[in-house]
Amino acid sequence: YRWIVWKLAAMERRFPMQLGGRYLNYGHVLSQLKSRYERELVAARRPALRKMLNKDVAAGIPIILCVSQVLRFRSKKPDGGVAEELRLELTDGWYSIPALVDSVLAIYVEKGTIKIGSKIAVCNAQLAGSDDGVDPLDDSYDSSKRNCPLLLRITANSTRPAKWHARLGYVPPKSLENHAGTILVKSLDDIHPNGGSIPAIDLVVCKAYHRMYREELINENKQVYSTNHLTEAEESSRKIEFDSKDQRAREKLADSAQKECLKELDEDAPPEWKEMVESNSPEEHYDKLCDVNRKIVDDWSHKRAVLLQSMVSKSVEHSMADHLTTERASIPYVKVLVKALFRNGTKRGTERRQVAAELTAWRVTDDHLAVLREGNVIRMKSLNVKSDGKGLLQLSSKADTPMELLAPQPSRYQLRQSGYEERSALSFIRLNLLSKQKHLNLIEREVDIVGVIMKIEREGENSSIAYLTDESGLVISLTRNHTAHCADPFHI
């Protein structure tokens with residue numbers, strides 16, 4: 001009854017000239033009550049929020065809800081101060097649910113961008129509170145109280161304003177066919193570093209770098225005490241070094257363990273086998289054995305070899321676990337510079353002014369590298385996002401993050417509008433002029449050059465300098481940081 005009156009009153013306020021004083025009346029309320037009774041109770045067609053509260057559908061499905069209340073709860077801090085918790089009460093027109101908002105959405109609420117009556121499209125939401133579902137018809141359920149058993153956790157990057165006439169409830173699948181089945185973020189400017197993960201976005205790979213490896217050295221307390229970032233050549237060298245060291249340690253432990261295991265096994269050997277081993281000529285003794293004793297000796301010899309291998313292996317693994325001081329873990333990753341895909345309808349110049357974001361793909365495979373090529377447009381979902389403190393967005397993906405080529409691939413015109421330019425070698429003269437310019441963006445500060453190496457010299461343990469020139473005669477210095485054991489820092 002509450003939401004019927006609320007909706008009819010809102011319609012009168014929205015259209016006062018056409019519906020004022022004529023829409024919220026006894027007949028309309030009774031008609032709506034009857035309609036809802038027949039749909040929900042007779043036809044058993046539950047509304048969106050009731051399904052969600054019953055935990056019969058996932059909370060992350062795209063849904064359009066309306067803000068019905070802005071709730072503020074105050075509590076005392078241990079230091080005597082007052083803490084205020086901000087919540088939104090959201091409704092689908094049938095039932096309501098309290099929503100926990102992040103810091104970005106809280107700012108929008110304080111500014112009045114999100115207010116009572118605003119409709120918002122939400123995806124990737126999460127239910128917090130009770131592990132069991134609840135029924136909104138229960139007397140104990142009240143979405144306006146602080147102790148409400150279930151709450152909806154929403155984030156800014158997964159929330160968008162909806163049109164005032166948008167229909168409340170789950171978004172029809174047909175409306176999401178061209179939007180990756182979720183909210184599709186269309187610009188990097190729409191992403192908030194503190195606004196949670198990105199539901200979906202189409203990215204143009206502007207620059208792709210070589211695969212790297214993050215090496216983690218772990219002590220006996222399972223704590224990472226050293227982290228290094230290695231090239232593929234350095235990773236291969238470090239892996240061989242650690243594997244060789246591990247193999248030598250295992251061989252040494254196996255030699256000592258074998259002697260102890262043999263002594264233990266021989267104590268349980270059958271008398272026939274002991275007599276044969278202790279004889280002056282075990283081979284002649286074996287030939288003189290009867291069939292029964294020979295079978296006993298053969299069975300024990302086979303059993304002894306199997307037990308010896310098993311005991312030595314267990315002893316070596318146990319010793320390695322006790323004496324291993326350093327473990328090594330290596331995680332492959334690749335970094336690429338990306339921009340959002342320019343689309344028809346986007347304001348001209350918006351994408352050109354947009355700063356590129358840096359995407360780090362962790363635990364990459366060869367299949368990932370085939371997708372993350374320069375000039376490709378990829379659609380990614382559930383990307384993590386943060387800021388590096390300089391305003392540059394840092395995106396990151398895991399091994400299971402959905403990543404696919406956009407089909408069909410956009411035209412060259414769209415790529416140019418998105419800010420993509422094919423790589424080309426820069427002459428040293430142009431490089432000299434470019435170095436004198438100010439306010440260069442991240443992509444402009446990174447260049448490709450072709451030159452002749454004149455000299456390479458070491459500068460300390462972890463740095464080397466190469467001097468290059470081209471047909472202009474200008475000389476530039478190229479500095480590269482590397483590990484102390486790297487013999488070929490420039491991979492010549």
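Residues numbered from 1 in each chain as written. Predicted model: local features only at pLDDT ≥ 70, side-chain atom pairs only at ≥ 80, totals over all residues. Heavy atoms only, no water.

**Focus on the pattern of salt bridges**
Point 1. Evaluated as defined, the whole model comprises 24 salt bridges.
Point 2. One salt bridge connects aspartate 56 with arginine 46, and the closest N-O pair in it is separated by 2.5 Å. Placement of aspartate 56 in the loop between helix H4 (48-53) and strand S1 (63-76) and of arginine 46 in the loop between helix H3 (26-42) and H4 is noted, with a sequence separation of 10 residues between them.
Point 3. The partly exposed category is assigned to aspartate 56, whose relative accessible area is 46%.
Point 4. Residues joined in a network through salt bridges with shared partners are Glu215, Glu235, Arg238, Glu241 and Arg328. (Salt bridge = Lys/Arg side-chain N within 4 Å of Asp/Glu carboxyl O. Helix = DSSP H or I, 4+ residues; strand = E, 2+ residues; numbered from the N terminus. Buried < 20%, exposed > 50% of the residue type's maximum accessible area, 1.4 Å probe, protein only.)

**Quick word on the pairing of strand S2 (residues 82-91)**
Point 1. Here S1 runs beside S2; their pairing, made up of 10 bridges, is antiparallel. Within S2, the position partnered with valine 67 by the bridge is leucine 90.
Point 2. Hairpin remark: S1 followed by S2, antiparallel, with five residues in the connecting loop; positive phi at glycine 80, about 100°.
Point 3. Of the pairings in the sheet, the one linking S2 to strand S3 (residues 96-101) comprises five bridges and is antiparallel in character. Within S3, the position partnered with arginine 87 by the bridge is leucine 100.
Point 4. Linkage of S2 to S3, two consecutive antiparallel strands, is achieved through a turn of four residues, within which glycine 93 is found at a positive phi near 90°. (Pairing = 2+ DSSP bridges.)

**Side note on the sheet that holds strand S17 (residues 452-458)**
Point 1. The sheet built from three strands is open, its strands ordered S17-S18-S19 with antiparallel pairing. Here the strands that pair on one side only, and so sit at the sheet edges, are S17 and strand S19 (475-481). Strand-to-strand twist of the sheet, defined as the mean angle between neighbouring strand axes without regard to direction, takes the value 25°. (Axes fitted to C-alpha atoms, helices over the stretch in contact; angles between N-to-C directions.)

**Some words on the packing of aromatic side chains**
Point 1. Counting across every chain of the model gives three aromatic pairs.
Point 2. With a centroid separation of 5.6 Å and an interplanar angle of 85°, the aromatic rings of tryptophan 3 and tryptophan 6 are classed as edge-to-face. Taken together, the residues tryptophan 3 and tryptophan 6, both in helix H1 (residues 2-14) and three residues apart, mark about one turn of the helix.
Point 3. We classify tryptophan 3 as buried; its relative accessible area is 8%.
Point 4. Each ring, one from tyrosine 333 and one from tryptophan 362, has its centre 4.8 Å from the other, and the planes form 40°; the classification is tilted. Of this pair, tyrosine 333 sits in strand S12 (residues 327-340) while tryptophan 362 is found in strand S13 (residues 357-362), placing the two residues 29 residues apart along the sequence. (Phe/Tyr/Trp six-rings, centres within 6.5 Å; stacked < 30°, edge-to-face > 60°.)

**Observations concerning the nonpolar core**
Considering soluble globular proteins, one finds that nonpolar side chains tend to be buried as a cluster.
Point 1. Formed by 30 residues in total, the largest nonpolar core has its most connected members in Leu49, Ile63, Leu88, Leu90, Ile97, Leu152 and Ile154.
Point 2. Of all the secondary structure elements, the ones that give two or more residues to this core are H4, S1, S2, S3, helix H5 (103-111), strand S4 (119-122) and strand S6 (150-154).
Point 3. Among the elements that line this core, the one with the most residues is H4, at four residues.
Point 4. With residues near it in sequence (within four places) discarded, leucine 152 still touches Met52, Ala59, Leu65, Ile97, Pro98, Ala99, Leu100, Ala125, Gln126 and Leu127.
Point 5. In this structure, Leu203, Ala340, Leu372 and Met380 belong to the second largest nonpolar core, which totals 24 residues. (Core = buried A, V, L, I, M, F, W, Y, C linked by side-chain atoms within 4.5 Å. Contact = heavy atoms within 4.5 Å.)

**A short note on a nonpolar patch on the surface**
Point 1. Taken together, Tyr1, Tyr26, Leu30 and Leu33 make up a surface patch of nonpolar side chains, about 510 Å² in accessible area.
Point 2. Structurally, the position occupied by leucine 30 is in helix H3.
Point 3. What makes leucine 30 partly exposed here is its relative accessible area of 45%. (Patch = residues over 30% accessible without salt bridge, like charges linked within 9 Å, V, L, I, M, F, W, Y side chains within 5 Å. Areas by Shrake-Rupley, 256 points an atom, 1.4 Å probe, with all protein chains shown as cover.)

**As for the environment of leucine 90**
Point 1. As for its position among the elements, leucine 90 is in strand S2.
Point 2. In sequence terms leucine 90 and isoleucine 64 are 26 residues apart; their C-alpha atoms lie 9.5 Å from each other.
Point 3. Not counting chain neighbours up to four residues away, the residues in contact with leucine 90 comprise Leu49, Leu65, Cys66, Val67, Ser68, Tyr95, Ser96, Ile97, Ala99, Ile120 and Ile154.

**A look at the pairing of S13**
Point 1. A large share of S13 lies buried, amounting to five of its six residues.
Point 2. Across six bridges, the pairing between S12 and S13 is antiparallel. Within S13, the residue paired with lysine 335 across the bridge is threonine 360.
Point 3. Bridging between S13 and strand S15 (residues 393-397) involves four bridges; their strand directions are parallel. Residue pairing for S15: alanine 361 is matched across the bridge by serine 397.

The quantities given are spatial measurements derived from coordinates; they are silent on function.
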